Amino acid sequence: MRKFLVFVLCFAVFLPPAFAKQAQPSLPDNIYFRAMQDEMNRTLKELRSPGSPAPYYAAYKLRHALTLSIWASLGQLRLSSFGPEERLSGVTILGVGSDKNDQLGFENNRFSYDPFGSRNISSSYDGIRRDLWNLSNSEYRMSLDSFVKKQAYKRKKELSTTLPDLVPAPQAAVFEEVEKFDRPDTAKWEEIVKKLSAKGKNVSQLDNFEAEFTDNHWEYYYLNSLGGAYQTLFYRVTLTLSARLRNRDGHVQSFYEYIPISDYRTPDEKALEEKTDAFLAEMLERYNAYKAESYLGPVLLRPHAAAQFIENDFVWQVENVKPLLSDLYEQDPYAGSFREKKGMRVLSNVVDIVDKPLLREYKGLPLFYMPVDDEGVPSQELKLTSLGRLRAFPLSRRPLAEGHESNGHARLSSYSYPRESLTNVFVEPKTPLSEEALQEEFLAMCRDWELEYCYELETFDRAWRVYAEDGRRVPAYGLDLKNISTRSLRDIAAAGGEDAVYYTGNSDRPGTVVTPSLLLEEAEILPVDAKPDRAPFVPKP
């Protein structure tokens, strides 16, 4: 496991508008921070448009990405020269006006709510300065347009408030040692993916079978004009198995198995082969899968499906709690639906949910470490629920009410200015059950419902019928799971004791959900009205 050295500097800042008065941390001596600091000083001092408000705040974020991917299909390398691909990208944020009244928090119908960013920045001091200068000019032009439209919108809606647009918050600087990219043994991994993908040739029912090794190494550099800064590293190494299956009814389906790799230098090849063999054995079973029928009853979500459920129906509902103003719509469609439910019961009391942005790794796998958020505020661990009630939200500096304080959960991406978001979400059962006890509880619940079978979901695309009489499992396909929703959070009847890490988001805003299996007492499943695909004109060679 890679080692990290962390330097921390925290200091309070109470946000007077003049940048020159802010204390600045001692920054790491690299081209990223030198270029950001020098261009930020110039931007705040010189960037002006006559008759328009000047920038009072600036923030830059750079992402240095290195990616190596090795991909094989049915024993043949398909893409062996992909990497390490290296790319530097950046995002610029400006606040115009003042912290009492700025242009942010408003979705401009010309520019949406995306900051100006570039995915290809020159990897030199001069090149970074030039690209940040270009981004800052574009961002300022867009910000002035948004400022004017936001004021017009507030007049139109007669919005008057004593709340500022940004509340004061302490700023922090955390600098993690960034290691040089340690390139994997390409030849070794080429042989591994070729060998694993070749196993698919023994399964005639598969149209294709692939294995892909991916090593992602992302360095993040952030600086704002108030003294907030961070330098962090996140990496993710994964082996992905993908199968394209045409089942006996003629439906074509794609299935994926994501295998996180904790040590890519000395991989456990035997374990990888065993997991591949198990996945292919499942594909053989799925060739004879039964089409789903209308169903109402207990559903057992295995960790991957549980992670999808928690992400869709809890995480997204507590994020973005400060709705955007917009002349495009009356209600922000991306604002979390739980934002008015603090103190209300939204979850079964079988589990609690906690966000842990300060946790570096779990069970030997890296988590997305975010000690400082994208407004420069120190991140805090949040216990989001207890006794099933919603106790806390991720908060940014954009206030919800009087007395509002940020808890360091503003996150930025190239697709959105900083909004309230979670990072490493842990589902923690109060009384975890062993695998045997959980399975027995599941079958007993099925029998109580007087059902012939119930459903178990590996993922939302990989379902099993489990027969109540003897626990026999047969695969099923064609499930519509839209009715597993926020209401289902209150129907969690039991949780397993073995959790797993699942990665969410993307390289712009990565995250994780860590959860065990979850047993839902009641869920509705409907069949998908899908027609079989046309068979190939000639069989697979």
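All values derive from a computational prediction rather than experimental measurement.

Let us now look at the overall build of the protein chain. When helices and strands are tallied, the protein chain shows six helices and 29 strands. Relative to the globule expectation of 24 Å for 541 residues, the C-alpha radius of gyration of the protein chain, 26 Å, shows essentially globular dimensions. The C-alpha extent of the protein chain, read off along each of the three principal axes, is 75 × 55 × 45 Å. Relative to its full complement of 541 residues, the protein chain shows a buried share of 55%. Partitioning the intrachain contacts of the protein chain with sequence separation of at least 6 by distance along the chain shows that 76% fall at a separation of at least 24. Total accessible area on the protein chain stands at roughly 23,700 Å², and carbon and sulfur atoms take up 49% of it. When the 68 positive and 79 negative side-chain charges of the protein chain are each reduced to one mean point, those points stand 4 Å apart.

So, about helix α2 (residues 125–156). Over its 32 residues, α2 runs 45 Å from end to end, which matches the ideal 46 Å to within 8%, given 1.5 Å per residue. Phi turns positive one or two residues past the end of α2, at Glu-158, with a value near 55°.

By the definition in use, this model includes one disulfide. Here Cys-446 is linked by a disulfide to Cys-454, with a sulfur-sulfur distance of 2.1 Å. Both residues of the pair, Cys-446 and Cys-454, count as buried.

This next bit is on the confidence of the model for the protein chain. For the protein chain, per-residue confidence averages 92 on the pLDDT scale, and residues scoring 70 or more make up 95% of the total. A low-confidence stretch, residues 1–21 stays under pLDDT 50, and its non-local contacts, those more than four residues away or across chains, total 60 contacts.

Below, the discussion takes up helix α6 (residues 435–448). The terminal C-alpha atoms of α6 lie 20 Å apart, and with 14 residues this matches the ideal 20 Å at 1.5 Å per residue to within 8%. Restricting attention to buried positions, one finds in α6 the residues Leu-438, Gln-439, Phe-442, Leu-443, Met-445 and Cys-446. Buried positions in α6, seen along its axis, are confined to an arc of 155° and lie on one side of it. Projecting away from the buried face of α6 at angles above 90 degrees are the exposed residues Glu-436 and Asp-448. Contacts from the buried residues of α6 go to β11 (295–301), β22 (453–459), β23 (462–467), β26 (492–495) and β29 (518–527). Looking one or two residues beyond α6, the residue adopting positive phi is Glu-450, at roughly 55°.

At their nearest, the axes of helix α3 (residues 186–198) and helix α4 (residues 269–287) sit 10 Å apart, and the two run at 25° to each other. Compared by their axis directions, α3 and α4 come out roughly parallel. When you trace α3 past α4, the crossing you get is right-handed. Every residue of α4 that contacts α3 at Trp-189, Ile-192, Lys-195 and Leu-196 is listed here: Glu-269, Leu-272, Glu-273 and Thr-276. For the contact of α3 with α4, the class distribution of residues is four nonpolar, one polar and three charged.

On to the sheet that holds strand β21 (residues 424–429). Ordered by their spatial adjacency, five strands build an open sheet running β16-β13-β21-β28-β27, and the pairing between neighbours is mixed. Edge positions in the sheet fall to β16 (382–383) and β27 (500–504), since each of these pairs with one other strand and no more. Pairing of strand β13 (residues 351–355) with β16 involves two bridges; the strand directions are antiparallel. Across the sheet, Val-354 pairs through a bridge with Lys-383, a residue of β16. Helix α5 (residues 303–318) rests against β13, β21, β27 and β28 (511–515) of the sheet, and its axis sits at about 120° to β28.

Applying the stated rule across the entire model yields 19 aromatic pairs. Ring centres of Phe-33 and Tyr-221 lie 5.9 Å apart, and the angle between their planes is 80°; this geometry places the pair in the edge-to-face category. Taken as a pair, Phe-33 in helix α1 (residues 31–46) and Tyr-221 in strand β7 (residues 206–224) lie far apart in primary sequence, 188 residues in all. As far as the burial class goes, Phe-33 and Tyr-221 line up, both buried.

This brings us to the pairing of strand β19 (residues 410–413). Of the two faces of β19, the one lined by Ala-410 and Leu-412 and the one lined by Arg-411 and Ser-413 are each fully buried. One ladder, built from three bridges, connects β19 with strand β20 (residues 416–420); its direction is antiparallel. Across the sheet, the residue bridging to Ala-410 is Glu-420, located in β20. The loop that links β19 with its antiparallel partner β20 comprises two residues.

Next up on the list: the nonpolar core. If you look at the biggest cluster of nonpolar residues, it comprises 58 residues, and the most contacted ones within it are Phe-309, Ile-310, Phe-314 and Leu-457. Ignoring sequence-local partners within four residues, the contact set of Phe-309 consists of Leu-301, Phe-314, Phe-460, Ile-484, Ser-485, Ser-488, Leu-489, Ile-492, Leu-518 and Leu-520.

Note: strand β8 (residues 229–246) against strand β9 (residues 252–260), nine bridges, orientation antiparallel. Its bridge partner lying in β9, Thr-240 is registered against Tyr-258.

This structure, assessed with the given rule, holds 34 salt bridges. A salt bridge links Glu-39 to Arg-42; its shortest N-O distance comes to 3.0 Å. Taken as a pair, Glu-39 and Arg-42 lie in helix α1 at a separation of three residues, close to a single helical turn. Residue Arg-419 is joined to Asp-332 by a salt bridge in which the shortest nitrogen-to-oxygen separation is 2.9 Å.

Turning to the environment of Gln-103, a few remarks are in order. Its location among the elements puts Gln-103 in the loop between β3 (76–96) and β4 (106–107). In this structure Gln-103 comes out as buried when scored by relative accessible area, which is 3%. For the pair Gln-103 and Met-142, spaced 39 residues apart in sequence, the C-alpha separation works out to 9.7 Å. Those residues within four positions of Gln-103 in sequence are excluded, and the remaining contacts are Leu-94, Gly-95, Val-96, Ser-143, Ser-146, Phe-147 and Lys-150. Only 3.0 Å separates the side chain of Gln-103 from the backbone nitrogen of Val-96, close enough to count as a polar contact.

Reading the values: rules and limits
Residues numbered from 1 in each chain as written. Predicted model: local features only at pLDDT ≥ 70, side-chain atom pairs only at ≥ 80, totals over all residues. Heavy atoms only, no water. Helix = DSSP H or I, 4+ residues; strand = E, 2+ residues; numbered from the N terminus. Rg over C-alpha atoms; globule rule 2.2 N^0.38 Å. Buried < 20%, exposed > 50% of the residue type's maximum accessible area, 1.4 Å probe, protein only. Contact = heavy atoms within 4.5 Å. Areas by Shrake-Rupley, 256 points an atom, 1.4 Å probe, with all protein chains shown as cover. Lys, Arg positive; Asp, Glu negative; His and termini not counted. Charge placed at Lys NZ, Arg CZ, Asp CG, Glu CD. Expected span 1.5 Å × (residues − 1). Disulfide = S-S within 2.5 Å. pLDDT = per-residue confidence, 0-100. Arc of directions from axis to C-beta. Axes fitted to C-alpha atoms, helices over the stretch in contact; angles between N-to-C directions. Parallel < 35°, antiparallel > 145°, perpendicular 65-115°, else oblique. Left-handed = near helix turned anticlockwise from the far one by under 90°. Nonpolar A, V, L, I, M, F, W, Y, C, P; charged D, E, K, R; others polar. Pairing = 2+ DSSP bridges. Phe/Tyr/Trp six-rings, centres within 6.5 Å; stacked < 30°, edge-to-face > 60°. Core = buried A, V, L, I, M, F, W, Y, C linked by side-chain atoms within 4.5 Å. Salt bridge = Lys/Arg side-chain N within 4 Å of Asp/Glu carboxyl O. Polar contact = N/O pair within 3.5 Å; in protein donor to acceptor, adjacent residues only side chain to side chain.

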